[in-house]
Amino acid sequence: MLFCTKGTGRLHRIEGRMDGAMYREILANNLLPSVRALKMGRGWVFQHDNDPKHTARTTKEWLRKKHLKVLEWPSQSPDLNPIENLWRELKVRIAQRQPRNLKDLEKVCMEEWAKIPAAVCANLVKTYRKRMISVIANKGPLYGSLLQAWQCFLSSADRLSALHSSVCRSLVSEDGDRVRTWQKETFHKKLFGGFKESQDFETGFARAQKPWAKRLKKLDKARSAFHKVQRKEQTARDREAHAKGNPDVAIEKQRKIQEERELAQQETEKVRARYEKVLEEVTRYAPRYMEEMECIFDQSQEEERKRISFLKQAFLSIHRHLDVTNNESVKAVYNELHNTLMAINEQDDLRWWKNTHGPGMPTDWPQFQEWTPEKKSKKGKKEKEKEVEAQQGTIERSVMIGGVRVRALYDYDGQERDELSFKAGEEFLKTEDEDDQGWCRGMKDGGREGLYPANYVETA
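Treat the numbers as computed from the prediction; the structure is a model and nothing was measured.

### Some points on the overall build of the protein chain
Move 1: Within the protein chain, the secondary structure is distributed over 13 helices and seven strands.
Move 2: Taken over C-alpha atoms, the radius of gyration comes to 45 Å for the protein chain, far larger than the 23 Å a tight globule of 460 residues would show.
Move 3: Across its three principal directions, the C-alpha atoms of the protein chain cover 170 × 55 × 45 Å.
Move 4: Taken across its 460 residues, the protein chain has 28% of its residues classed as buried.

### Details of the environment of Ile 133
Move 1: Examined against the element boundaries, Ile 133 turns out to sit in helix α7 (residues 128–139).
Move 2: Separated by 22 residues in the primary sequence, Ile 133 and Ser 155 have C-alpha atoms spaced 9.5 Å apart.
Move 3: Excluding residues that lie within four positions of it along the chain, Ile 133 makes contacts with Gln 151 and Leu 154.

### Quick notes on the environment of Gln 209
Move 1: Residue position: Gln 209 is located in helix α9 (residues 196–244).
Move 2: On the accessibility criterion, Gln 209 (35% relative accessible area) is partly exposed.
Move 3: Distance from Gln 209 to Glu 292, taken between C-alpha atoms, is 8.6 Å for residues 83 residues apart in sequence.
Move 4: With near-sequence residues (within four places) excluded, Gln 209 lies in contact with Tyr 289 and Met 293.

### Some points on helix α5 (residues 102–115)
Move 1: A rise of 1.5 Å per residue sets the reference length of α5, with its 14 residues, at 20 Å; its end C-alpha atoms lie 20 Å apart and thus fit the reference within 8%.
Move 2: Here α5 has its buried residues at Val 108, Cys 109, Glu 112 and Trp 113. Taken down its axis, α5 places every buried residue within 125 degrees of arc, on the same side. Residues of α5 that are exposed and angled more than 90 degrees away from the buried face: Lys 103, Ala 114 and Lys 115.
Move 3: By the N-cap criterion, in which a side-chain oxygen at the helix start approaches the backbone nitrogen of a residue two or three places on, α5 is capped by Asn 101, the distance to Lys 103 being 3.3 Å.

### Overview of the confidence of the model for the protein chain
Move 1: On average, residues of the protein chain carry a pLDDT of 84, and 92% of them reach 70 or more.
Move 2: Contacts of residues 390–401 to residues separated by more than four positions or lying in other chains number nine contacts, the stretch itself having pLDDT below 50.

### Some thoughts on the side chain of Ser 300
Move 1: Mapped onto the elements, Ser 300 comes out in helix α10 (residues 251–322).
Move 2: Judged by its relative accessible area of 17%, Ser 300 falls in the buried class.
Move 3: Apart from the residues lying within four places of it in its own chain, the contact partners of Ser 300 are Phe 201 and Phe 205.

### Structural notes on the packing of α9 against α10
Move 1: Running from N to C, α9 and α10 point in directions that differ by 160 degrees, and their axes come no closer than 7 Å. Regarding the angle of α9 to α10, the classification is roughly antiparallel. Crossing angle aside, the handedness with which α9 passes α10 is left-handed.
Move 2: Tallied by class, residues from the contact of α9 with α10 come to 26 nonpolar, nine polar and 16 charged.

### Digging into the pairing of strand β4 (residues 427–432)
Working note: regular strand, side chains alternate between the two faces of the sheet.
Move 1: Where strand β3 (residues 404–408) lies against β4, four bridges are found, and the strand directions are antiparallel. Across the sheet, Arg 405 pairs through a bridge with Leu 429, a residue of β4.
Move 2: Here three bridges tie β4 to strand β5 (residues 439–443), and the two strands are oriented antiparallel to one another. The residue bridging Leu 429 from the neighbouring strand is Met 443, located in β5.

### A look at the pattern of salt bridges
Move 1: If you walk through the whole model with that rule in mind, you get 35 salt bridges.
Move 2: Glu 276 is the partner of Arg 272 in a salt bridge, and the nearest nitrogen-oxygen pair spans 3.3 Å. Of this pair, Arg 272 and Glu 276 both sit in helix α10, separated by four residues, roughly a single helical turn.
Move 3: A relative accessible area of 36% means that Arg 272 is categorised as partly exposed.
Move 4: A salt bridge links Lys 444 to Glu 426; its shortest N-O distance comes to 3.0 Å. Here Lys 444, found in the loop between β5 and β6 (449–453), pairs with Glu 426, found in the loop between β3 and β4; they are 18 residues apart in sequence, far enough to count as distant.
Move 5: The class of Glu 426 is partly exposed, set by a relative accessible area of 26%.
Move 6: Look at the salt bridges and you will find they share partners, linking Glu 89, Arg 93, Arg 97, Glu 111, Glu 112 and Lys 115 into a network.

### Some words on the packing of aromatic side chains
Move 1: Applying the stated criterion across every chain, the model contains 12 aromatic pairs.
Move 2: Ring plane angle 10 degrees and centroid distance 4.6 Å describe the contact between Trp 212 and Tyr 289, whose orientation is recorded as stacked. In this pair, Trp 212 sits in helix α9 while Tyr 289 sits in helix α10, placing the two residues 77 residues apart along the sequence.
Move 3: Classification of Trp 212 by relative accessible area gives buried; the value is 17%.
Move 4: The class of Tyr 289 is buried, set by a relative accessible area of 13%.
Move 5: Their ring planes at 25 degrees and their centres at 5.6 Å tell us that Phe 226 and Tyr 275 sit as a pair that is stacked. Placement of the pair is Phe 226 in helix α9 and Tyr 275 in helix α10, with a sequence separation of 49 residues. Each member of the pair, Phe 226 as well as Tyr 275, is classed as buried.
Move 6: Three or more aromatic residues link up through ring pairs in this structure, and these residues are Tyr 412, Phe 422, Phe 428, Trp 439, Tyr 452 and Tyr 456.
Move 7: Taking the ring centre of Tyr 285 as reference, the NZ or CZ of Arg 215 above it sits at 4.1 Å.

### Observations concerning helix α6 (residues 118–126)
Move 1: Inspection of α6 places Val 120, Cys 121 and Leu 124 among the buried residues, and these make up the whole buried set. Buried residues of α6 fall within an arc of 100 degrees about the axis and therefore sit on the same side.

### Looking at a nonpolar patch on the surface
Move 1: A surface patch of nonpolar side chains, amounting to about 400 Å² of accessible area, comprises Leu 146, Trp 150, Phe 153, Leu 341 and Ile 344.
Move 2: Per-element accounting of the nonpolar patch gives the leading share, three residues, to helix α8 (residues 144–186).
Move 3: In this fold, Phe 153 is placed in helix α8.
Move 4: We classify Phe 153 as partly exposed; its relative accessible area is 40%.

Definitions and cut-offs
Residues numbered from 1 in each chain as written. Predicted model: local features only at pLDDT ≥ 70, side-chain atom pairs only at ≥ 80, totals over all residues. Heavy atoms only, no water. Helix = DSSP H or I, 4+ residues; strand = E, 2+ residues; numbered from the N terminus. Rg over C-alpha atoms; globule rule 2.2 N^0.38 Å. Buried < 20%, exposed > 50% of the residue type's maximum accessible area, 1.4 Å probe, protein only. Contact = heavy atoms within 4.5 Å. Expected span 1.5 Å × (residues − 1). Arc of directions from axis to C-beta. Polar contact = N/O pair within 3.5 Å; in protein donor to acceptor, adjacent residues only side chain to side chain. pLDDT = per-residue confidence, 0-100. Axes fitted to C-alpha atoms, helices over the stretch in contact; angles between N-to-C directions. Parallel < 35°, antiparallel > 145°, perpendicular 65-115°, else oblique. Left-handed = near helix turned anticlockwise from the far one by under 90°. Nonpolar A, V, L, I, M, F, W, Y, C, P; charged D, E, K, R; others polar. Pairing = 2+ DSSP bridges. Salt bridge = Lys/Arg side-chain N within 4 Å of Asp/Glu carboxyl O. Phe/Tyr/Trp six-rings, centres within 6.5 Å; stacked < 30°, edge-to-face > 60°. Lys NZ or Arg CZ within 6 Å of the ring centre and 35° of its normal. Patch = residues over 30% accessible without salt bridge, like charges linked within 9 Å, V, L, I, M, F, W, Y side chains within 5 Å. Areas by Shrake-Rupley, 256 points an atom, 1.4 Å probe, with all protein chains shown as cover.

So, in structure tokens, the structure goes:
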């Protein structure tokens, strides 16, 4: 069985005795598919204890090849794995269903395991640090002001973690939604790809350039024709000059060559005039072309100005959320942590240790005790019940002083005599904080006192 803050993963039935090979097969068939089903991404850490099957070289190699980050588990450490609390939750649910045989038991286990709310799993993970702090305070080497400083470190880390989580939520919910909304309102997608606004500008530029491109094409054609007749005229001039200097060329042929040169010169003049006319038309149309192009360009520039202005404000908003240097909550965390560290006093701590565990501790030295005969008193059943009620009343009054009102999140039917049963929404009094196993002690309004799962309630 496995779980995370997002809920429960796959539940696997083990048949026979599990060894390292079976354990790795279970991980391959259940761990990775559960991770994908719960959409946990890549930032998760795998936790299991120091069972020989878990710490075997082949198992470690398998985990390494799968690129799984495993939580370091110190030897001889308290069993703080929250899955033990989830085992308890599953056992309670199974007991309520009362399966009749092994096959029915397996079916009920699978059904009830899948029904465990994700909120229960998330609360177990959320309170994990609280249980660690409690173990350190009760069984660790720290005490006095050093213990307070260590607890302040952990609480400061929690507060900073919550702050960064709020920054993440702000970036996603505020800035992310703002950018997405702007994109949706500013850029409208086309059916076959692209954006309508971009196509409109491209169409506008193309429409403004079309008459100009047509005139440029006509001008290029006229220029090519002019250059062609010029080459023809130059060739005729060269032939004429060659014929005049050659006595072997007849006079009649010289006259003919001269006529060809004159015709080429006349054609050049005509084509030149046509070329100059087309060029004049292009020059005359240029201001209108520039006006139309500038109009479309100004429109695109205005849209680009709006885009830059919006992105500037979006970046400033992101910067405001990311910049925690001026956040009063951050300053308060570090100021409180600094004051707690400065309050560490070795003299007070040593004095406390001396008076609690050293020579100054109260000691019940042996003393001589006289023998006293026992008093025999006959009390009726009603008198004994009155004494019990009086004791319960005394307990209730003393508990009410330091108790905390809590509200049940889920229904719970106590399976043992010392457990409370309640319905979702019911309020009662919490008289003792959560222990290492995730249980609290409480008292109902009728005076009934007992244990209950800590993750089943919230402060009223």
